[in-house]
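Here is what each chain is made of, one letter per residue.
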Amino acid sequence: MSMTLITNEWRLKLLAFALGVLMLGAVAFSQNPPTTKSLTVPLHYTVPPNIVLINPPAQANVTYSGLADVISHVDTSNLIATVNATGVLPGSPVRLNIVVRSLDQRVQVQNPPPIAVTVDTLQTVTLPVQINARAAPGWSIDPTKTLATCPGAPNPNPCKVHFSGPVSWETNLSATASLPGLVNVNTIDSPNQPVLLSNSNGTIDLSSCRTQPCVNLDVTSVNLHVEAAPGASSSTVPLLDAPPSHPPPAGYRVTGITVTPATVVINGDPAVLGRIRSISLPPVDLSNSTSDASFTVAIPYAAGVTGSPANATVRYSIAQNPNVSPSPP
């Protein structure tokens with residue numbers, strides 16, 4: 001009798017059981033649906049020891065999906081994005097893949113698009129620290145008794161710093177520390193002055209990491225010692241262009257001249273400096289110039305006088321002379 005009760009209309013009973021399971025699953029599914037979100041995660045780079053990547057992105061936007069209760073626990077601690085650059089060589093920009101993995105196997109991730117980076121050689125160079133000190137009117141700085149010392153061993157005195165970074169950043173690279181204010185006493189000691197790096201493109205910003213690995217300067221501040229005496233040892237004088245050694249071709253004329261820089265600071269014996277009112281640049285040949293032309297020339301500092309920079313640029317604006325016909329070719 002009991003078996004009959006169980007088997008009687010068993011199809012209806014099985015259907016009711018299946019519907020109950022489906023309803024239970026539907027309720028659970030509605031409370032924990034599949035979800036897709038995105039998150040900005042840091043990028044972890046693997047780079048060979050002699051290679052540096054320039055301007056690589058520090059992070060990427062990652063799309064991930066899974067059930068809602070699982071997704072709610074995803075953050076940057078369990079979503080890892082890596083970039084493998086072990087096979088790159090210095091040269092043209094390359095594209096690198098970003099590989100993302102989740103520490104939770106229930107989370108599915110989508111890799112972001114590849115990134116483009118510039119690859120360069122990583123090199124360490126040694127730089128003496130140059131001191132930028134300005135004398136007040138009536139005072140002269142003794143360069144033989146002006147030096148920068150490193151705050152700790154094993155760096156030598158006068159201080160030399162070591163910069164590790166891309167070879168392309170090391171053209172005309174220099175390290176400078178500036179003495180604040182003007183020198184108007186016999187002796188000044190100024191500790192912990194920052195070291196600034198500059199190259200052909202200007203000052204290098206070390207406050208943010210623009211490379212992988214990050215560029216490094218082993219000494220970031222130095223102690224400055226400056227000695228001075230009454231009497232001017234530097235002055236600012238203008239640079240003057242000289243008449244061209246040969247003028248432009250017939251039918252053309254110079255309509256404007258620009259000298260860059262317009263002035264330079266010279267240093268030396270006060271007696272010598274007192275006789276220098278300007279510096280004339282060497283002449284240039286314009287015989288083949290029928291349009292605007294620029295020339296880089298060496299600045300002829302007098303004997304016993306130093307100055308910066310070493311070169312100047314003279315730009316000539318050249319146009320046709322409306323009163324003269326150009327020479328036939």
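Analysis parameters
- Residues numbered from 1 in each chain as written.
- Predicted model: local features only at pLDDT ≥ 70, side-chain atom pairs only at ≥ 80, totals over all residues.
- Heavy atoms only, no water.
- Pairing = 2+ DSSP bridges.
- Helix = DSSP H or I, 4+ residues; strand = E, 2+ residues; numbered from the N terminus.
- Axes fitted to C-alpha atoms, helices over the stretch in contact; angles between N-to-C directions.
- Polar contact = N/O pair within 3.5 Å; in protein donor to acceptor, adjacent residues only side chain to side chain.
- Contact = heavy atoms within 4.5 Å.
- Phe/Tyr/Trp six-rings, centres within 6.5 Å; stacked < 30°, edge-to-face > 60°.
- Buried < 20%, exposed > 50% of the residue type's maximum accessible area, 1.4 Å probe, protein only.
- Salt bridge = Lys/Arg side-chain N within 4 Å of Asp/Glu carboxyl O.
- 1 Å grid on protein atoms, 1.4 Å probe; cavity = no way out; pocket = protein on both sides within 12 Å on 5 of 7 lines; lining within 4 Å.
- Points joined across faces, edges and corners; volume = space filled by probe spheres on them.
- Nonpolar A, V, L, I, M, F, W, Y, C, P; charged D, E, K, R; others polar.
- Core = buried A, V, L, I, M, F, W, Y, C linked by side-chain atoms within 4.5 Å.
- Disulfide = S-S within 2.5 Å.

When you look at the sheet that holds strand β6 (residues 98-102) in this model, what are you seeing that I'm missing?
In any sheet, the strands associate via hydrogen bonds between backbone groups, in a parallel or an antiparallel arrangement. The strand order across the open sheet built from five strands is β6-β4-β1-β3-β7, with neighbouring strands paired in mixed fashion. Edge strands, defined here as strands with exactly one partner in the open sheet, are β6 and β7 (108-110). Across this sheet, the average inter-strand angle for adjacent strands is 35°, counted without regard to direction. Inspection of the sheet shows strand β3 (residues 59-67) paired to β7 by three bridges, in the antiparallel sense. Bridge pairing links Tyr-64 to Val-109 in β7.

Mind showing me how you'd approach the side chain of Ser-190 here?
Take Ser-190: it is sitting in strand β13 (residues 187-194). A polar side-chain atom of Ser-190 sits 2.8 Å from a polar atom in the side chain of Gln-193. In contact with Ser-190, other than residues within four places in its own chain, are Leu-179, Pro-180, Val-222, Asn-223 and Leu-224.

Hey, could you run me through the packing of aromatic side chains in this one?
Where two aromatic rings form a pair, the distance of their centres and the angle of their planes describe that pair. Using the criterion set out here, one finds one aromatic pair in the structure. Consider the rings of Phe-295 and Tyr-316, whose centres lie 6.1 Å apart with planes at 75°: the pair is edge-to-face. Of the two residues, Phe-295 is situated in strand β23 (residues 293-298) and Tyr-316 in strand β25 (residues 311-320); the sequence distance between them amounts to 21 residues. A relative accessible area of 22% means that Phe-295 is categorised as partly exposed.

Just checking my understanding: could you explain the pattern of salt bridges for this structure?
Oppositely charged side chains can pair when the atoms bearing their charge come close. Counted by the stated rule, this structure contains two salt bridges. We note a salt bridge from Arg-106 to Asp-104, for which the minimum N-O separation is 3.0 Å. Since its relative accessible area comes to 22%, Asp-104 is described here as partly exposed. Close ionic contact of Arg-315 with Asp-292 constitutes a salt bridge, the shortest N to O distance being 3.3 Å. Placement of Arg-315 in strand β25 and of Asp-292 in the loop between β22 (279-280) and β23 is noted, with a sequence separation of 23 residues between them.

Which parts of the structure should I look at to understand the layout of surface pockets?
Gaps left between atoms are located by rolling a probe of water-molecule size over the structure's atoms. Counted as a void, the largest pocket has a volume near 940 Å³. Ile-131, Asn-132, Ala-133, Asn-267 and Ser-308 are the residues nearest the centre of the largest pocket, which is lined by 20 residues in total. Of all the secondary structure elements, the ones that give two or more residues to the lining of the largest pocket are β8 (115-135), β12 (174-183), β21 (263-268) and β24 (305-308). Counting residues per element, the lining of the largest pocket draws most heavily on β8, which supplies six residues. A per-class count over the lining of the largest pocket returns eight nonpolar, eleven polar and one charged.

I keep staring at the sheet that holds β25 and nothing clicks. Help me out?
Spatial ordering of the open sheet is given by β20-β25-β23, a layout of three strands whose pairing is antiparallel. Bordering the open sheet on either side are β20 (252-260) and β23, each of which pairs with just one other strand. Within the sheet, the average angular offset between the axes of one strand and its neighbour, ignoring direction, is 25°.

Quick question: what am I supposed to make of the nonpolar core here?
Buried together is how nonpolar side chains tend to be arranged in soluble globular proteins. In this structure, Leu-127, Val-161, Phe-163 and Val-222 are the most contacted members of the largest nonpolar core, which totals 29 residues. Put simply, the parts of the chain that give this core at least two residues each are β8, β9 (139-141), β11 (160-166), β12 and β18 (221-230). Once residues within four sequence positions are removed from consideration, Val-161 is found in contact with Val-125, Thr-126, Leu-127, Val-129, Ala-175, Leu-217, Asp-218 and Val-219. Grouped together as the second largest cluster of nonpolar side chains are 23 residues, Val-74, Ala-81, Ile-98 and Ile-115 included.

Can you help me understand the environment of Gly-304 in this one?
Mapped onto the elements, Gly-304 comes out in the loop between β23 and β24. According to the relative accessible area criterion, Gly-304 is exposed, its value standing at 64%. Considered as a pair, Gly-304 and Asp-269 are 35 residues apart in the sequence and their alpha carbons are 7.3 Å apart. With residues near it in sequence (within four places) discarded, Gly-304 still touches Asn-267, Gly-268 and Asp-269.

Please clarify how the state of the cysteines should be interpreted in this entry.
Put plainly, two cysteines are in a disulfide when a covalent bond ties their sulfur atoms together. By the definition in use, this model includes two disulfides. One disulfide bridge connects Cys-150 with Cys-159, the sulfur atoms lying 1.7 Å from each other. Residues Cys-150 and Cys-159 are joined through a disulfide that is right-handed, its torsion about the S-S bond being 85°. For Cys-159, a relative accessible area of 2% gives the class buried. The disulfide partner of Cys-209 is Cys-214, and the gap between their sulfur atoms is 1.8 Å. Because the torsion about its S-S bond is -105°, the bridge between Cys-209 and Cys-214 counts as left-handed. On the basis of relative accessibility, which here comes to 41%, the residue Cys-209 falls in the partly exposed class. Once the bonded cysteines of the chain are numbered in order along the sequence, the disulfide links fall as 1-2, 3-4.

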